[in-house]
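Fold and contact review
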Amino acid sequence: MVEEQRAGSRVSRPENRLVRRGFGDPARAVRLLEGPGLQGLADDPVLLDALGATADPDLALLGLARLMEAADETDRHTLRDTLTTSKPLRDRLLGVLGVSTALGDHLARHPHDWHVLVTFELRDMHPGPEDFRRALREGVRGGDRSPADALRVAYRRCLLAIAARDLTGTTDLARTAAELADLAGATLQTALDLAAEQDPEAAAACRLAVIGMGKCGGRELNYVSDVDVIFVAEPREGVDEHEAVKAATRLAAALTRLCADTTGEGTIWPVDANLRPEGRNGPLVRTLASHLAYYQRWAKTWEFQALLKARPVAGDAELGAAYVEALAPMVWQAAARDNFVTDVQQMRRRVIDSIPATELDRQLKLGPGGLRDVEFSVQLLQLVHGRTDPALRSGNTLEALAALSRGGYVGRADAASLDTAYRFLRSLEHRIQLHRLRRTHLMPTAAEDQRRLARSLATLINDDTRADPVAALQREWKRHAVEVRRLHEKLFYRPLLDAVAELPPGAAGLTPDAARARLEALGYTDPAAALRHISALASGVSRKAAIQRTLLPVLLGWFADSADPDAGLLNFRQVSDALGRTPWYLRLLRDESAAAEQLARVLSAGRLAPDLLLRAPEAVAMLGDPQGLEPRGRAALQSEILAAVGRAGSTTAAVAAARSVRRRELFRTAAADVLGRLGEDPAQALDAAGEALTALNAATLQGALRACVAGWEAEHGDLPTRLSVVAMGRFGGHELGYGSDADVLFVHEPLLGSLEEEAAKAAQAVCHELRTQLGAPSTEPPLLVDADLRPEGRSGPLVRTLASYAAYYRRWSHAWESQALLRAEPVAGDAELGARFRQLIDPLRYPGEGVPERDLVEIRRIKARIEAERLPRGADPTTHTKIGRGGLADVEWTVQLLQLRHGHEFPALRTTRTRAALAAAVEAGLVKRDDAEVLDAAWVLASRVRAAVMLVRGRPGDSFPGEARELAGVARYLGYGAGHSGELLDDYRRTTRRARAVVDRLFYGLG
């Protein structure tokens, strides 16, 4: 037994040494070390230590064993000697093999290529474009491979040299990325030379320049990336321009195939020319004049942003330089374009929207706190300030960031922090891509992959990676991502405070003129006023100013994302002036980021919600309560209002208390609506808003009626009659908008023993006082009570007895009055009287035998007359939401006609709600489902447009706003991005046009 244990110990001793050096599979490592080419090296501590120092010792040893096995006897002997005697070569070779499976595969196929680590010596010199071109030309000319395969082998050989220098720390990220870009340019030039040899007629007909774009143009390329290019051509002397462009297109296409097509040696990388004018739909090659014509007339801001990195990389150098020189002035005036902010916001959204949900947390490039955030922000600052400062006009992200810092556009500490974060994220991206030479920007999920990454980046990670490399890598990545997430504060908005506030030394020295330029570029139409607001909020040494300086950079960004940043900032200043001395206000915004963001969105979304908030700024507290914006039910509202009314000392004070509650609840509903808290589905949110506003107005009427009755009784004694308030129109249909009047009927019934005349006078007085008090000028928003739908309209008495209503409807009622009663619903006052009123009108609105033909004709005639006479002068009938074609009236009259004709047959039709009645008509087989969906979509859209107009303008309107910023606000509310207001109008016309076709068939019987 003892002998067996001793034998086992002898067997495991080499493996134990390997485990201590970081090998994960020591048994396989022992087999490899005893295999062909590595015999005798198993006990070499220098080699074992070098393997153990690599990112993945097992991968490095496997690659070395494959290389030794593939090499011929002479090469194998030379390599063994070099590995044991030359530390620089040993570190370079094993460093590559320990990170890159793909480059290990290349060496196994081409074992002699390890010599590039010696001959392409790299300790003291930095290879440039000409060095790479020379190496590629030599690779293509030698050997018996096809030119395409030879180019790929030569490219990988050069890539091997770059990776070796990168992984051993003899160069930095910026230099590595520049060398990769130079290698890409050399590859493009070599491919173009090969294409010209294959098609000499094309080469003789044209001059062709290849313009590097994106990371290639900025000399900051990845190991594996599409290479973005633009092709520009000119005819040679005596050649027709059209023929020259055709010839250049053949050369460009051949170049693209040589780089992108897969051969026995794989592919190099795709050549992407989609940044050219008109993208993939445009011609592959244009002349310089054609490029200029496009950019002068048609180009969007993002295209100029892309041109910021344009650089000639291959082909005719003189033509390439002329291209860049001709377009540069347009690039640096892009920030002055009218649509600059809109285009920038669209670019940001495209980046965010392009990320699959499953990749969001793994994205190094596009995710929150990723590389694109830094690149995008640096480019935007360049476009804004590069108009007047040529020092900022670099296509390289790190160089541009350094220039922004030197110029005072970004604080020195902020720039240094972002530089560090960017270098780490790019290095991490490089290591991920190097493993298999695949284009990816995703953090791998396997622990062994993350371990290899952590060990390869140990010098860039602040934590000690030896104990738990994966945890150290995750912490470092998240730390940098969090820092980059704050880049808008750091790069855009913090310097604006520096320009106007008393901040510590070392902050960015943005001049007032530069601050105004930045604000203007970010969408503020009155930068001077914005700077005054910022100064008023952030200047000084008080605790309030200090907190504002923390809050404002973030808030300014949220305001800039809205349709009206100026209004958002002004409203915030006004709220802060009102609440700045209140301890909880700034503490809430500082400690509750969600509350601060919600406040910023509410303040910049239009006029209604801010106006309501400014009348009582303490309502900001709702935003800090998780349930603060949930609509309250009618019972709770009525209880609160009645309690407030009961505490008041007079009618005026009591109604004012009710109106105060209503104002606060209007803000709650409007804020919840703006923030999308009423429901994800637009129709659901619309219904929720309608229910909330209906409950609020009903509770307010109940409270005001109680107050007015109490006031009358205090002066005259007990009221001699009972009163009921019946909601009509959109109020009765639970479809109120923010600007809707409260359409009502007043019903009373004298008490036993009371004189009818005295009861009528008392009822008249109370109802008149209720309307006056609710509509009186005040700091609270009025509730206009409209009783014009009563019998005889304005000419008739304001309030009638139940018997009087019965007599009128029995003798004088018109068809339109039966139609109006379809949405009648008692909402306040005596519930029993209200129920009896409903019993009275049900036979009128749901007639037992349907609607007589003469009444149908009359209803249609009235509808046609309204369309012809009621449309305001100059209004567009295709966009008027109320009585325009396919608008609210069209849908509602169609549904109401169905209710009048069939309500007696189908109980589900007996509802005051338009959408519910339409759904019931479908279930009853009265309307086809497709037609109902068309009508419902039009009604919902028109209602939402009316709500948006009120929220944005602060006053009701039935048409789209004519002012561009207001229209943009309406579009934002409806879910359209910046710059898409025209799409909203097109969608509205399309939706309502389809609805009108249905109305013509169902209402007018024209189909």
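Relevant structure appears above.
Residues numbered from 1 in each chain as written. Predicted model: local features only at pLDDT ≥ 70, side-chain atom pairs only at ≥ 80, totals over all residues. Heavy atoms only, no water.

**Regarding the overall build of the chain**
The helix and strand tally for the chain stands at 45 helices and 10 strands. Relative to its length of 1007 residues, the chain is extended, with a C-alpha radius of gyration of 38 Å against a globular reference of 30 Å. Overall, the chain is about 125 × 80 × 65 Å in size when its C-alpha atoms are taken along their principal axes. In the chain, which comprises 1007 residues, the proportion classed as buried is 56%. Expressed as a percentage of contacts within the chain between residues at least 6 apart in sequence, the contacts between residues at least 24 apart total 72%. Carbon and sulfur atoms provide 50% of the accessible area of the chain, an area that totals close to 42500 Å². Within the chain, one finds 131 positive and 134 negative side-chain charges whose respective centroids are separated by 2 Å. (Helix = DSSP H or I, 4+ residues; strand = E, 2+ residues; numbered from the N terminus. Rg over C-alpha atoms; globule rule 2.2 N^0.38 Å. Buried < 20%, exposed > 50% of the residue type's maximum accessible area, 1.4 Å probe, protein only. Contact = heavy atoms within 4.5 Å. Areas by Shrake-Rupley, 256 points an atom, 1.4 Å probe, with all protein chains shown as cover. Lys, Arg positive; Asp, Glu negative; His and termini not counted. Charge placed at Lys NZ, Arg CZ, Asp CG, Glu CD.)

**Observations concerning the nonpolar core**
Of all hydrophobic cores here, the largest spans 177 residues; its most connected members are Tyr295, Leu307, Phe572, Leu701 and Phe746. Among the elements that take part in this core, helix α34 (residues 682-716) stands out by supplying 16 residues, more than any other. Residues within four places of Phe746 in sequence aside, it is in contact with Ser724, Val725, Cys767, Leu770, Arg771, Val785, Ala787, Leu798, Val799, Arg800 and Tyr805. In terms of nonpolar packing, the next biggest core, distinct from the first, is built from 90 residues, Val140, Leu183, Ala254 and Ala314 among them. (Core = buried A, V, L, I, M, F, W, Y, C linked by side-chain atoms within 4.5 Å.)

**What to know about the pairing of strand β6 (residues 721-727)**
With 6 of 7 residues buried, β6 lies mostly within the body of the structure. Relative to strand β10 (residues 825-829), β6 runs antiparallel, the two being bridged by 4 bridges. When the sheet's bridge partners are listed, Val725 is paired in β10 with Ala828. (Pairing = 2+ DSSP bridges.)

**Looking at the pattern of salt bridges**
Taken as a whole and assessed by the stated rule, the structure comprises 62 salt bridges. Residues Arg913 and Glu691 are paired through a salt bridge, measuring 3.1 Å at the closest nitrogen-oxygen approach. In this pair, Arg913 is assigned in the loop between α41 (888-902) and α42 (914-923) and Glu691 in helix α34, connecting sequence segments 222 residues apart. Since its relative accessible area comes to 33%, Glu691 is described here as partly exposed. Between Asp890 and Arg996 there is a salt bridge, and its shortest N-O distance comes to 2.9 Å. (Salt bridge = Lys/Arg side-chain N within 4 Å of Asp/Glu carboxyl O.)

**Here's the deal with the pairing of strand β1 (residues 206-212)**
Of all 7 residues that make up β1, 6 are buried, and the element is covered over most of its length. In this structure, β1 lies alongside strand β2 (residues 227-235), joined through 7 bridges in antiparallel fashion. In the sheet register, Ala209 faces β2, and the bridge partner there is Val232. Alignment of β1 against strand β5 (residues 311-315), held across 4 bridges, turns out to be antiparallel.

**Here we look at the side chain of Thr54**
Mapped onto the elements of the fold, Thr54 is located in the loop between α3 (45-52) and α4 (57-70). Exposure remark for Thr54: the relative accessible area of 5% places this residue in the buried category. Here Leu51 takes part through its backbone oxygen, which lies 2.7 Å from a polar atom of the side chain of Thr54. In contact with Thr54, other than residues within four places in its own chain, are Ala60, Leu94, Gly95, Gly98 and Arg455. (Polar contact = N/O pair within 3.5 Å; in protein donor to acceptor, adjacent residues only side chain to side chain.)

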